[in-house]
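# A look at the structure
Chain by chain, the residues run as shown.
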Amino acid sequence: MFSLFDRFKKVVDQNIYSPVEGKCIDIVDVNDDVFSGKMMGDGVAVVPKTNVVCSPCDGELTMVFPTKHAFGITMNNGVEVLIHIGIDTVNLNGVGFKAFKNKGDKVKHGEKVIEFDNSYLSKEDLDTTVMVIITNNNNHKFDKIGIEKEVNTFDDKVLVLEDTE
């Protein structure tokens, strides 16, 4: 039976969208043993075509590294997502990165969080692949639906979460 109050229930978007425009690949194909070995968690990566990195989901920024090469989001359902920009980019100490959001900010998917200087990272011979890692699944399983697709930040889901409880 339909409840009179069903229309007031808040729908939680459990999708994780691409944080950057580019080609989505499986995390196991990333050129770094820590990421490809899933030591930080499972997920996907995007080989970027642009230099703007957006929030891939709705939630709260629970971490923005001082070096601006990575940030973490806790989704409204408790799932924690780490976005890591590039490989060995921590060694740049923030040079080539600009943050537009801060720890504690509420974000929606598609909102600009970090911008990186692609030409500077290329000059430093660094891989700019952007990792999207689930660091805790919070009783959710997820499907990697973006693998081998060209993706953008607003429309293209790369991971879909499902409740396991």
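Residues numbered from 1 in each chain as written. Predicted model: local features only at pLDDT ≥ 70, side-chain atom pairs only at ≥ 80, totals over all residues. Heavy atoms only, no water.

## Notes on the sheet that holds strand 8 (residues 97–99)
Within a sheet, adjacent strands bond to each other through the backbone by hydrogen bonds, running parallel or antiparallel. The line we're drawing: For two strands to be treated as a pair, DSSP must find at least two bridges joining them. Under the scheme used here, helices are H or I runs from DSSP no shorter than 4 residues and strands are E runs no shorter than 2 residues, and both carry numbers assigned from the N terminus. Only the stretch in contact is used when fitting a helix axis, every axis being a line fitted to C-alpha atoms; angles between N-to-C directions are given from 0 to 180 degrees.
Sheet architecture is open: three strands sit in the order 4-10-8, paired in antiparallel fashion. Every interior strand has two partners, whereas the edge strands, strand 4 (52–54) and strand 8, have only one. The average angle at which neighbouring strand axes cross in this sheet is 20°, direction not considered. As paired elements, strand 8 and strand 10 (residues 112–116) share three bridges and run antiparallel to each other. For Ala99, the partnering residue across the bridge sits in strand 10 and is Ile114.

## Some details on unusual backbone geometry
The cut-off we apply is this: We call a residue buried when its accessible area falls under 20% of the maximum for its residue type, exposed when it is over 50%, and partly exposed in between, using a 1.4 Å probe and counting protein chains only.
For Asn93, which is not a glycine, the phi torsion comes out positive at approximately 55°. Residue position: Asn93 is located in the loop between strand 7 (80–85) and strand 8. Look at Asn93 and you get exposed, because its relative accessible area is 61%. One non-glycine residue, Asp125, adopts positive backbone phi at about 60°. In this fold, Asp125 is placed in the loop between helix 2 (118–123) and strand 11 (130–136).

## Considering the pattern of salt bridges
Quick note on the threshold: When a carboxyl oxygen of Asp or Glu is within 4 Å of a side-chain nitrogen of Lys or Arg, the pair counts as a salt bridge.
Tallied over the entire structure, the rule returns eight salt bridges. Here Asp42 ties to Lys38 by a salt bridge, and the two come within 3.5 Å at their closest N and O atoms. On the basis of relative accessibility, which here comes to 36%, the residue Lys38 falls in the partly exposed class. Connected through shared salt-bridge partners, Asp26, Lys38, Asp42 and Lys144 make up one network.

## Here's the deal with the nonpolar core
Stated precisely, the cut-off is as follows: Buried Ala, Val, Leu, Ile, Met, Phe, Trp, Tyr and Cys residues that are joined via side-chain atoms within 4.5 Å together make up what is termed a nonpolar core. Contact between two residues is taken to exist if any of their heavy atoms lie within 4.5 Å; hydrogens are not considered.
Among the nonpolar cores identified, the biggest contains 31 residues, and Ile16, Val53, Phe71, Val81 and Leu159 are the most heavily contacted of them. Counting only elements with at least two residues in this core, the list comes to strand 3 (42–48), strand 6 (70–75), strand 7, strand 10, strand 11 and strand 14 (157–163). When sequence neighbours within four positions are dropped, the list of residues in contact with Val53 reads Pro19, Phe71, Ile83, Ile85, Glu111, Lys112, Val113, Ile114, Phe116 and Val130. With ten residues, the next largest nonpolar core counts Ile25, Val30, Ala70 and Ile87 among its residues.

## Let's talk about the environment of Asp32
Note the following rule: Polar contacts, as used here, are pairs of N or O atoms within 3.5 Å; protein pairs need one atom able to donate a hydrogen and one able to accept it. Residues neighboring in sequence count only if both atoms are side-chain atoms.
Residue position: Asp32 is located in the loop between strand 2 (22–26) and helix 1 (33–36). On the basis of relative accessibility, which here comes to 18%, the residue Asp32 falls in the buried class. With 55 residues separating them in the primary sequence, Asp32 and Ile87 have C-alpha atoms 7.1 Å apart. Reaching out from Asp32, the side chain makes a polar contact with the backbone nitrogen of Val34 at a distance of 2.9 Å.

## Side note on the side chain of Ser55
Structurally, Ser55 is set in the loop between strand 4 and strand 5 (59–64). Within polar-contact distance, the side chain of Ser55 engages the backbone oxygen of Cys57 at 2.5 Å. Ser55 has contacts with Ile73, Val107, Lys108, His109, Gly110, Glu111 and Val113, leaving out every residue within four places of it along the chain.

## As for the side chain of Asp58
For clarity, the cut-off: Residues counted as positive are Lys and Arg, residues counted as negative are Asp and Glu, and His and the chain ends are not counted.
Among the secondary structure elements, Asp58 is positioned in the loop between strand 4 and strand 5. One buried charged residue, Asp58, remains without a salt bridge, the closest side chain of opposite sign being Lys108 at 4.3 Å. Every residue in contact with Asp58, bar those within four places of it in the chain, is listed here: Asp13, Thr74, Met75, Asn76, Val107, Lys108 and His109.

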